[in-house]
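What follows is the residue order along each chain.
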Amino acid sequence: MSFPDHASLEKALLECSLCHLRQSAIGPTSFNGSVDSPLAIVGEGPGGVEDEYGVPLVGPSGQLLDKALGSVGVTRDKIYTTNVIKCRPKNNRTPTVEEGRFCAEHWLDVELTFVKPKVIVALGSVALKYLMGPDARITRDRGKWFDTKYGVPAIATYHPAYLLRLIGKDLVKAKWEVFYDLKAAVEKCRELAPDRELESAEKPDLLSLYAARRVSRQQAGSAPR
Ligand code: SF4
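Residues numbered from 1 in each chain as written. Predicted model: local features only at pLDDT ≥ 70, side-chain atom pairs only at ≥ 80, totals over all residues. Heavy atoms only, no water.

## Structural notes on the sheet that holds strand S3 (residues 80–83)
Line of reasoning, step 1. A sheet is described by the order of its strands in space; here 6 strands give the open sequence S1-S3-S2-S4-S6-S5, paired in mixed fashion. Either end of the sheet is taken by a strand with one partner, and the two such strands are strand S1 (32–33) and strand S5 (145–147).
Line of reasoning, step 2. Sheet strands touched by helix H5 (residues 108–115): strand S2 (39–43), S3 and strand S4 (119–123). Its angle to S3, the strand with the most contacts, is close to 170°. (Pairing = 2+ DSSP bridges. Helix = DSSP H or I, 4+ residues; strand = E, 2+ residues; numbered from the N terminus. Contact = heavy atoms within 4.5 Å. Axes fitted to C-alpha atoms, helices over the stretch in contact; angles between N-to-C directions.)

What follows is the structure in structure tokens.
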């Protein structure tokens, strides 16, 4: 599929029903943030809150991501946030590699041709496996730079949903690892796009920004479940 611009792509994406994952979701989710940002964050797939609002990483995981990004001088309005998979799998299960590839080859790959980021952060195992390869392991490969098929350097870190399941020393260690991974991404971004701002004075309230989409999705109530 080809689209004249990112807005046309988003319109088609929000109407997608190309695979079985659409059956258990309210609808596909798209992206949030800036479509011409030098920094793109690629997560896994939507959870319950994301499915409600139609955008990625706005629920508890997104709030933790905001905190982590804040610690390295980044706000979400200045970066592009998206997911490998656009529809929430039934019972919030982890999507398979094949499901990820199918959706991403239709949508994520096209999105990134419009965004043209300088640096990509893969959040969690599903994103890492799509961007690096199916044999990648998040515990082994996070924090290391690798090349992507887009010709854009990428680095992986833990998905915030993983951090939310940790406690004690494991949580402290993982938080520091995420901090250093994000710091490395921001430093490379500043090196490759020195004139681009990554932080706004005010943190955006993403739930308010997408409240209207949430209402329209509720009203449509059209999802075959
Ligand atoms: S998961 Fe992706 S390919 Fe499948 S229906 Fe949703 S948007 Fe379309």
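Next comes the rest of the write-up.
## Considering the layout of surface pockets
Line of reasoning, step 1. Its boundaries defined by the atoms lining it, the largest pocket holds a volume of some 540 Å³.
Line of reasoning, step 2. Taken together, 27 residues line the largest pocket, and the ones lying closest to its centre are Glu-44, Ser-61, His-159, Ala-161 and Arg-165.
Line of reasoning, step 3. Listing elements by their share of the lining of the largest pocket, those giving two or more residues are helix H2 (48–53), helix H3 (60–70), helix H6 (125–131), helix H7 (138–141) and helix H8 (160–163).
Line of reasoning, step 4. With 3 residues, H2 is the largest single contributor of residues to the lining of the largest pocket.
Line of reasoning, step 5. Looking at the lining of the largest pocket residue by residue, the class counts come to 11 nonpolar, 12 polar and 4 charged.
Line of reasoning, step 6. The computed volume of the second largest pocket comes to approximately 190 Å³. (1 Å grid on protein atoms, 1.4 Å probe; cavity = no way out; pocket = protein on both sides within 12 Å on 5 of 7 lines; lining within 4 Å. Points joined across faces, edges and corners; volume = space filled by probe spheres on them. Nonpolar A, V, L, I, M, F, W, Y, C, P; charged D, E, K, R; others polar.)

## Focus on the site of the ligand
Line of reasoning, step 1. Near the ligand you find Cys-16, Ser-17, Leu-18, Cys-19, Leu-21, Arg-22, Lys-86, Cys-87, Phe-102, Cys-103 and Trp-107, and these make up its full shell.
Line of reasoning, step 2. Looking at side-chain class alone, the shell around the ligand contains 8 nonpolar, 1 polar and 2 charged residues. (Near = heavy atom within 4 Å.)

## Observations concerning empty space enclosed by the protein
Line of reasoning, step 1. Taken as a whole and judged by the stated rule, the model has 1 cavity of 30 Å³ or more.
Line of reasoning, step 2. Empty space within the largest cavity amounts to approximately 100 Å³.
Line of reasoning, step 3. Looking at the lining of the largest cavity element by element, the count peaks at 3 residues for helix H4 (residues 97–106).
Line of reasoning, step 4. A breakdown of the residues in the lining of the largest cavity according to their chemical character gives 11 nonpolar, 2 polar and 2 charged.

## Notes on unusual backbone geometry
Line of reasoning, step 1. Of note in the backbone geometry, Leu-57 takes a positive phi value of approximately 50° without being a glycine.
Line of reasoning, step 2. The class of Leu-57 is buried, set by a relative accessible area of 4%.
Line of reasoning, step 3. Residue Asn-91 is not a glycine yet carries a positive backbone phi of 60°.
Line of reasoning, step 4. Examined against the element boundaries, Asn-91 turns out to sit in the loop between S3 and H4. (Buried < 20%, exposed > 50% of the residue type's maximum accessible area, 1.4 Å probe, protein only.)

## Focus: the pattern of salt bridges
Line of reasoning, step 1. A complete count under the given rule lists 15 salt bridges for this structure.
Line of reasoning, step 2. Between Asp-109 and Lys-149 there is a salt bridge, with the nearest N and O atoms lying 2.7 Å from each other. You can see Asp-109 sitting in helix H5 and its partner Lys-149 sitting in the loop between S5 and strand S6 (153–157), a full 40 residues away along the chain.
Line of reasoning, step 3. Lys-183 is paired through a salt bridge with Glu-187; the nearest N and O atoms lie 3.1 Å apart. With Lys-183 and Glu-187 both in helix H9 (residues 168–192), this residue pair falls 4 residues apart, about one helical turn.
Line of reasoning, step 4. Judged by its relative accessible area of 32%, Lys-183 falls in the partly exposed class.
Line of reasoning, step 5. Because the salt bridges share partners, they merge into one network encompassing Arg-142, Lys-173, Glu-177 and Asp-181. (Salt bridge = Lys/Arg side-chain N within 4 Å of Asp/Glu carboxyl O.)

## Regarding the environment of Thr-81
Line of reasoning, step 1. Considering the arrangement of structural elements, one finds Thr-81 in strand S3.
Line of reasoning, step 2. A distance of 3.2 Å separates polar atoms of two side chains, one belonging to Thr-81 and the other to Arg-76. (Polar contact = N/O pair within 3.5 Å; in protein donor to acceptor, adjacent residues only side chain to side chain.)

## As for the packing of aromatic side chains
Line of reasoning, step 1. Inspection of the entire model under this criterion finds 6 aromatic pairs.
Line of reasoning, step 2. Geometrically, the ring pair formed by Trp-176 and Phe-179 is edge-to-face, given 5.7 Å between the ring centres and 85° between the ring planes. One end of the pair is Trp-176 and the other is Phe-179, both in helix H9 and 3 residues apart, which spans about a single turn.
Line of reasoning, step 3. Assessed through its relative accessible area of 49%, Trp-176 is described here as partly exposed.
Line of reasoning, step 4. Linked through ring pairs, Trp-176, Phe-179 and Tyr-180 together constitute an aromatic cluster. (Phe/Tyr/Trp six-rings, centres within 6.5 Å; stacked < 30°, edge-to-face > 60°.)

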